[in-house]
Amino acid sequence: LTGLALGGNKARKLELLVTDALARGARTLVTAGALQSNHCRQTAAAAARLGLGCALLLAGERPPALEGNLLLDALLGAELCFAGSTPRDAALAALHARLEAEGQRPYLIPYGGSNDLGALAYALALEELLRQGPPPELICCASSSGGTQAGLLLGARLLGYRGTILGVSVDPKAPELRATVAALASAAAARLGVDERFSPAEVRVEDRFLGAGYGVLGELERGVIRRLASAEGILLDPVYTGRAFGALLALLEAGELDERELLFWHTGGAPALFAQGEALLAARSG
């Protein structure tokens, strides 16, 4: 609901990252993501709004049709590059080097906008939430590259929030994601100039709902997307919020959460629904 190309949580991170890019004299934003990356779509939108170039490295091969976020990337004027079988980091380094050689002054934004600066945006977001009134006892969000959860964790430490921050993994296993989030939160604290360290043991991650893997639409996501849409008129996306909200409902129904006041932090991503039409309709007819 940010107003930036159909919204999403990456707008907060981009506010800080693009400010840094402009301060460094960048002329082109470059980043990477999956074919239906919300982060790539919002990066392309931020670049368009500010008159910057944008080059996106997307996973896999170019599909026969541009749908969902990929269609929006093209409409926003981004250069679409596809990694194919080349490892993402190597392909991204090659793209960055080409842009530099062409004199485009590229600014590299990490996967998901998740570095120390991007994570700081969610410490600010928690401050914004706490200004709105009594805080919830538990905050739940989708977690993948870790920046959103890391920023919330740092914000909680600095602002005295005593509730639980639960990250529902949509990709990494819990040990890997805990380590990533702790490292990002520690790096963000250092960037802010405060001496705060985080250990993986402090990071609460739920990884029992990974299904068949990242971006694979399963019965959990299908069911909860339809359930919330028909009950509340709220759209979840098939990759992040569908999995995370489905996990939250399952944990509640299993009696595994003691907290009475819960906040689900919706991170956006609705355009990806339009690349999963057949799968969602098939589920409906079934």
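It should be noted that the structure appears before, not after, this text.
Residues numbered from 1 in each chain as written. Predicted model: local features only at pLDDT ≥ 70, side-chain atom pairs only at ≥ 80, totals over all residues. Heavy atoms only, no water.

(A) The arrangement of the environment of Gly25 in detail. The topology assignment puts Gly25 in the loop between α1 (10-23) and β1 (28-33). Once the C-alpha coordinates of Gly25 and Pro106 are considered, the two residues, 81 residues apart in sequence, prove to be 9.1 Å apart. (Helix = DSSP H or I, 4+ residues; strand = E, 2+ residues; numbered from the N terminus.)

(B) Region of interest: unusual backbone geometry. Positive phi, normally seen in glycine, also occurs at Ala5, with a value near 50°. Its relative accessible area of 22% is what places Ala5 among the partly exposed residues. Here the phi dihedral of Arg105 falls at roughly 50°; this positive angle occurs in a residue that is not glycine. With respect to the secondary-structure elements, Arg105 resides in the loop between α4 (88-101) and β4 (106-108). For Arg105, a relative accessible area of 52% gives the class exposed. (Buried < 20%, exposed > 50% of the residue type's maximum accessible area, 1.4 Å probe, protein only.)

(C) A look at the packing of helix α5 (residues 116-130) against helix α6 (residues 147-159). One can describe the packing of α5 onto α6 by two numbers: an axis separation of 7 Å at closest approach and a directional angle of 55°. Taken together, the axes of α5 and α6 are oblique relative to one another. Of the two possible hands of crossing, α5 and α6 adopt the one that is right-handed. Between α5 and α6, the residues in contact are Ala119, Leu120, Tyr122, Ala123, Leu126, Glu127 and Leu130 and Gly147, Thr148, Ala150, Gly151, Leu152, Leu154, Gly155, Ala156 and Leu159, respectively. In terms of residue class, the contact of α5 with α6 is made up of eleven nonpolar, four polar and one charged. (Axes fitted to C-alpha atoms, helices over the stretch in contact; angles between N-to-C directions. Parallel < 35°, antiparallel > 145°, perpendicular 65-115°, else oblique. Left-handed = near helix turned anticlockwise from the far one by under 90°. Contact = heavy atoms within 4.5 Å. Nonpolar A, V, L, I, M, F, W, Y, C, P; charged D, E, K, R; others polar.)

(D) Quick look at the side chain of Glu221. If you trace the backbone, Glu221 turns up in helix α8 (residues 219-232). Among the residues examined, Glu221 registers a relative accessible area of 3% and is labelled buried. In this structure, Glu221 is in contact with Phe209, Val216, Pro238, Gly242 and Arg243, ignoring residues within four places of it in sequence.

(E) The arrangement of the sheet that holds strand β3 (residues 79-82) in detail. Spatially, β3-β2-β1-β4 is the arrangement adopted by the four strands of the open sheet, whose pairing is parallel. The outermost strands of the open sheet, each flanked by one partner alone, are β3 and β4. Strand-to-strand twist in this sheet, taken as the mean axis angle between neighbours without regard to direction, amounts to 25°. Bridge count for β1 against β4 is three bridges, and the pairing is parallel. Counterpart to Leu29 in the pairing with β4 is Tyr107. Sheet strands in contact with helix α2 (residues 38-50) are β1 and β2 (53-58), and its direction is about 170° off that of β1. (Pairing = 2+ DSSP bridges.)

(F) Quick peek at the packing of aromatic side chains. With the rule as written, the count across this model stands at three aromatic pairs. Ring centres of Tyr122 and Trp265 lie 5.8 Å apart, and the angle between their planes is 65°; on these two criteria the pair is classed as edge-to-face. With Tyr122 in helix α5 and Trp265 in the loop between β8 (262-264) and α10 (277-285), the pair connects residues that are 143 residues apart, well separated along the chain. Centre to centre, the rings of Phe245 and Phe264 are 5.0 Å apart; their planes meet at 70°, and the pair counts as edge-to-face. Of this pair, Phe245 sits in helix α9 (residues 241-253) while Phe264 is found in strand β8, placing the two residues 19 residues apart along the sequence. A relative accessible area of 14% means that Phe245 is categorised as buried. Lying across the ring of Tyr122, Arg12 places its NZ or CZ 5.8 Å from the centre. (Phe/Tyr/Trp six-rings, centres within 6.5 Å; stacked < 30°, edge-to-face > 60°. Lys NZ or Arg CZ within 6 Å of the ring centre and 35° of its normal.)

(G) Expanded view of the pairing of β1. β1 sits mainly inside the fold: six of its six residues count as buried. Alignment of β1 against β2, held across six bridges, turns out to be parallel. Residue Thr31 lies in a different strand from β2, and its bridge partner there is Leu56. You can see the chain leave β1, run along α2 and come back into β2, and the turn it takes is right-handed. (Right-handed = clockwise from strand over helix to strand, strands pointing away.)

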